[in-house]
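# What the coordinates show
Residue-level listing of the chains:
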Amino acid sequence: MSVPGGIGGPSAHGAERFADAFGRKLGGGALGSVPVVLGLLAIWLIFQILNPHFLSPRNLSNLSVDIVGTGMIAVGVIFVLLIGEIDLSVGSVSGLASALFAVLNVNYGMPEPPAIVLAALCGTAVGFVHGFFTAVVGVPAFVVTLAGLLGWYGLMLAIMGAYGTINLDDQGLVAKLTNFYFSDVAAAYALAALGTAGYFLTAWRDGTRRHAAGVPSRSPVEIALRTGLLAVIAFAAAYVLNQFQGLPLALLVFLVVLVILDYVLRRTTYGRMIFALGGGVEAARRAGVNVVWVRTSAFMMSSTMAAIGGLFLASRINSVSQTSVSTDLLMNAIAAAVIGGTSLFGGRGSTWSALLGVLVIQSIASGVALMDIQTAVQFMITGGVLLLAVVVDSLSRRAQRAHGRA
């Protein structure tokens, strides 16, 4: 059986078929990451025109590290958004975890590895509490996590006590999370090659399986174009990073986490249950989904990633203080997930939304800092971009409903 545009299907006019399919997707509201990519390119172009140092290797390398802390938190938020809920506590949880690590390691002399594990498990326990009250007791997630925002921040202050600020070991494991670079140029290029090859093999295998099953799949032309575009981006990024200090360890860890969690969401039964729950609670329950467990686990994932993100944020400044929970951290994490393409209505998004969204937010922050513009302007620009992302999401859902896809 031949599937038009599938692996092994007719190759004539492949580019034309790809263009037609792409046009139909846009017309049907399946915009994907196109708007945010175009927006990111526009932001980079504008700031580069205003300040020629914006796209310098130094600034882009710093940007690649700055995105990791908030990006880690945003990845966890995506799990909650996918089930149609919200988590307002992630900023406080990140501060609580970093404070717990600092007190255990610096003040009580606990080695870093177990202190890191306990900090991460603290986040997991917090997420379980949120999930219990939301999924079992039935309290709205907005109320539960708003209470968590206040309560966990208070617990962080209690843990810090009279210390005020705790400086971390600048040669320690946590400090190296954002301070270590693979200076050998082969490291960045190897990562680019591995990522490109991995994407191609995965896409080709999926296309082959879908074609064998008799369902529509990506054509060889589309796979080749996507792989080529990814290769250009990956090797260009590797080249730029090698012009400064090399591949940052923080960026490598972030990308590995994205790949692993993307696999969990898209290729495991658990991931399918997450998306099913976002599509409708009652329909998911009738399909055999353990709604209570899935909802609880989503909050556990959100808080765990918030704890990990808090350690990266502490690593960036090499200290933890009572002001570690910045007022804009929560908003940036949620905005990154939404701007990157995760729907506030549940059921649509991916871990890569965190990367794209946090790139937009940190690019705005970096550009504003280089231009020496007031921080107020940064908040206004970010707010406008967030509103635009939600509008695009709403229009996309409306178009999909009109085409019978939602």
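It should be noted that the structure appears before, not after, this text.
This write-up is about the structure you can find in this document. Because the structure is predicted, anything quoted here is derived from the model rather than measured.

## So, the overall build of the protein chain
If you tally the helices and strands in the protein chain, you get 16 helices and 4 strands. Residue burial in the protein chain is summarised as follows: out of 406 residues, 45% are buried. For the protein chain, the exposed surface amounts to about 18,900 Å²; the carbon and sulfur share of it is 68%.

## Observations concerning the pattern of salt bridges
What the rule picks out here adds up to 8 salt bridges. Taking the shortest distance from any N to any O, the salt bridge between Arg-316 and Asp-66 comes out at 2.8 Å. Pair noted here: Arg-316 is in helix H13 (residues 291-317) and Asp-66 is in helix H3 (residues 57-82), with a separation of 250 residues, a long-range link. Residues Arg-266 and Asp-262 are paired through a salt bridge, measuring 3.2 Å at the closest nitrogen-oxygen approach. Of this pair, Arg-266 and Asp-262 both sit in helix H10 (residues 249-267), 4 residues apart, roughly one helical turn. You can call Asp-262 buried: its relative accessible area is 10%. Salt bridges sharing common partners tie together Arg-218, Glu-222 and Arg-226.

## Regarding the environment of Gly-195
With respect to the element layout, Gly-195 can be found in helix H8 (residues 185-212). Along the backbone, Gly-195 and Leu-230 are 35 residues apart, and their C-alpha atoms lie at a distance of 8.6 Å.

## Quick notes on the environment of Val-360
With respect to the helices, strands and loops of the structure, Val-360 is situated in helix H15 (residues 352-370). Given a relative accessible area of 2%, Val-360 falls into the buried group. Excluding its chain neighbours within four sequence positions, the residues that come into contact with Val-360 are Val-36, Leu-40, Ile-43, Ile-339 and Val-385.

## Here's the deal with unusual backbone geometry
Of all residues except glycine, most have a negative phi; of all peptide bonds, most are trans. Positive phi, close to 60 degrees, is recorded for Asn-318, a residue that is not glycine. Here Asn-318 lies in the loop between H13 and strand E4 (319-321).

## As for the nonpolar core
Residues Ile-67, Phe-254 and Ile-274 are the most contacted members of the largest nonpolar core, which totals 88 residues. Ranked by residues supplied to this core, first place goes to H3 with 15 residues. Contact partners of Ile-67, with chain neighbours within four places excluded, come to Phe-254, Leu-355, Val-358, Leu-359 and Gln-362. Core analysis: the second largest hydrophobic core is formed by 7 residues, Ala-192, Leu-241, Leu-247 and Leu-251 among them.

## Description of the packing of aromatic side chains
The tally for this structure, following the rule as stated, stands at 5 aromatic pairs. A ring pair is formed by Phe-132 and Phe-133, whose centres lie 5.5 Å apart and whose planes are at 85 degrees; its orientation type is edge-to-face. The partly exposed category is assigned to Phe-132, whose relative accessible area is 36%. For the ring pair Phe-180 and Phe-182, a centre distance of 5.2 Å and an interplane angle of 90 degrees mean the geometry is edge-to-face. Judged by relative accessible area, which is 28%, Phe-182 ranks as partly exposed.

## Concerning H10
With 19 residues, H10 ought to run about 27 Å at 1.5 Å a step, and its terminal C-alpha atoms sit 27 Å apart, in line with that. For H10, the full list of buried residues reads Leu-249, Ala-250, Leu-251, Phe-254, Val-257, Leu-258, Leu-261, Asp-262 and Leu-265.

## Concerning the side chain of Gln-362
Mapped onto the elements of the fold, Gln-362 is located in helix H15. With residues up to four places along the chain from it excluded, the contact list for Gln-362 reads Leu-63, Asp-66, Ile-67 and Thr-70.

Rules of the game
Residues numbered from 1 in each chain as written. Predicted model: local features only at pLDDT ≥ 70, side-chain atom pairs only at ≥ 80, totals over all residues. Heavy atoms only, no water. Helix = DSSP H or I, 4+ residues; strand = E, 2+ residues; numbered from the N terminus. Buried < 20%, exposed > 50% of the residue type's maximum accessible area, 1.4 Å probe, protein only. Areas by Shrake-Rupley, 256 points an atom, 1.4 Å probe, with all protein chains shown as cover. Salt bridge = Lys/Arg side-chain N within 4 Å of Asp/Glu carboxyl O. Contact = heavy atoms within 4.5 Å. Core = buried A, V, L, I, M, F, W, Y, C linked by side-chain atoms within 4.5 Å. Phe/Tyr/Trp six-rings, centres within 6.5 Å; stacked < 30°, edge-to-face > 60°. Expected span 1.5 Å × (residues − 1).

Purely geometric stuff here, so don't read any function into it on its own.
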